[in-house]
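Secondary and tertiary structure notes
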Amino acid sequence: YKAPVSGWTGYGGSEPSQCKMDGKWKKVFTTAADATFKPSDRRGNATITQEVNATAGVFMNIITFDGTKNKVREFRVKINGIPESDTDISLDF
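Reading the values: the criteria
- Residues numbered from 1 in each chain as written.
- Predicted model: local features only at pLDDT ≥ 70, side-chain atom pairs only at ≥ 80, totals over all residues.
- Heavy atoms only, no water.
- Pairing = 2+ DSSP bridges.
- Helix = DSSP H or I, 4+ residues; strand = E, 2+ residues; numbered from the N terminus.
- Axes fitted to C-alpha atoms, helices over the stretch in contact; angles between N-to-C directions.
- Core = buried A, V, L, I, M, F, W, Y, C linked by side-chain atoms within 4.5 Å.
- Buried < 20%, exposed > 50% of the residue type's maximum accessible area, 1.4 Å probe, protein only.
- Contact = heavy atoms within 4.5 Å.
- Phe/Tyr/Trp six-rings, centres within 6.5 Å; stacked < 30°, edge-to-face > 60°.
- Polar contact = N/O pair within 3.5 Å; in protein donor to acceptor, adjacent residues only side chain to side chain.

**Considering the sheet that holds strand S3 (residues 58-65)**
Spatially, S1-S2-S3-S4-S5 is the arrangement adopted by the five strands of the open sheet, whose pairing is antiparallel. Two strands bound the open sheet, and with one partner strand each, they are strand S1 (23-26) and strand S5 (89-92). Across the sheet, the axes of successive neighbouring strands diverge by a mean angle of 25°, strand direction being ignored. Note that strand S2 (residues 46-53) and S3 share eight bridges and pair antiparallel. Of the residues in S3, the one forming a bridge with Asn-53 is Val-58.

Written out as structure tokens, the structure is:
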């Protein structure tokens, strides 16, 4: 068993490339009200992905809109992560 946080910025003595969270993820569910987007004629649908960089210790939330009338096509929210245990990372907005 390898803890999910193992490797996060070198946490636990492991290399970041060994971190199970590293990579690109499609967000299917969130409880964050500011990350919930209902489709509209102007904005279209929103696709929310997350790029996790275990080397830098960063979560990048990427919200992309497919609407043709929207001035904003995409925005990114960078969140720093600090390992607290083998299973927990504190988020620093």
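**So, the pairing of S5**
Sheet topology note: the strand S4 (residues 74-83)/S5 ladder contains four bridges and is antiparallel. The partner of Pro-83 across the bridge, within S5, is Ile-89.

**Considerations on the nonpolar core**
If you look at the biggest cluster of nonpolar residues, it comprises nine residues: Val-5, Trp-8, Cys-19, Met-21, Val-52, Ala-54, Phe-59, Ile-79 and Ile-89. Discounting chain neighbours no more than four positions away, the residues touching Trp-8 are Cys-19, Met-21, Val-52, Asn-53, Ala-54, Gly-57, Val-58, Phe-59, Gly-81, Ile-82, Pro-83 and Ile-89.

**Some words on the packing of aromatic side chains**
Per the counting criterion, the structure on display carries two aromatic pairs. Measuring from centroid to centroid gives 4.9 Å for Trp-8 and Phe-59, while their planes differ by 25°, and the two rings are stacked. With Trp-8 in the segment before S1 and Phe-59 in strand S3, the pair connects residues that are 51 residues apart, well separated along the chain. Each member of the pair, Trp-8 together with Phe-59, is buried. An angle of 35° between the planes, with centres 6.1 Å apart, marks the rings of Phe-65 and Phe-75 as tilted. With a gap of 10 residues between them, Phe-65 in strand S3 and Phe-75 in strand S4 connect regions that are remote in the sequence. Here Phe-75 falls in the partly exposed class, since its relative accessible area comes to 31%.

**A closer look at the side chain of Asn-61**
Relative to the helices and strands, Asn-61 resides in strand S3. Within the structure, Asn-61 has its side chain in polar contact with the side chain of Gln-50 (distance 2.7 Å). Each residue touching Asn-61, except ones within four places of it in the same chain, is listed here: Lys-27, Thr-49, Gln-50, Phe-75, Arg-76, Val-77 and Ile-79.

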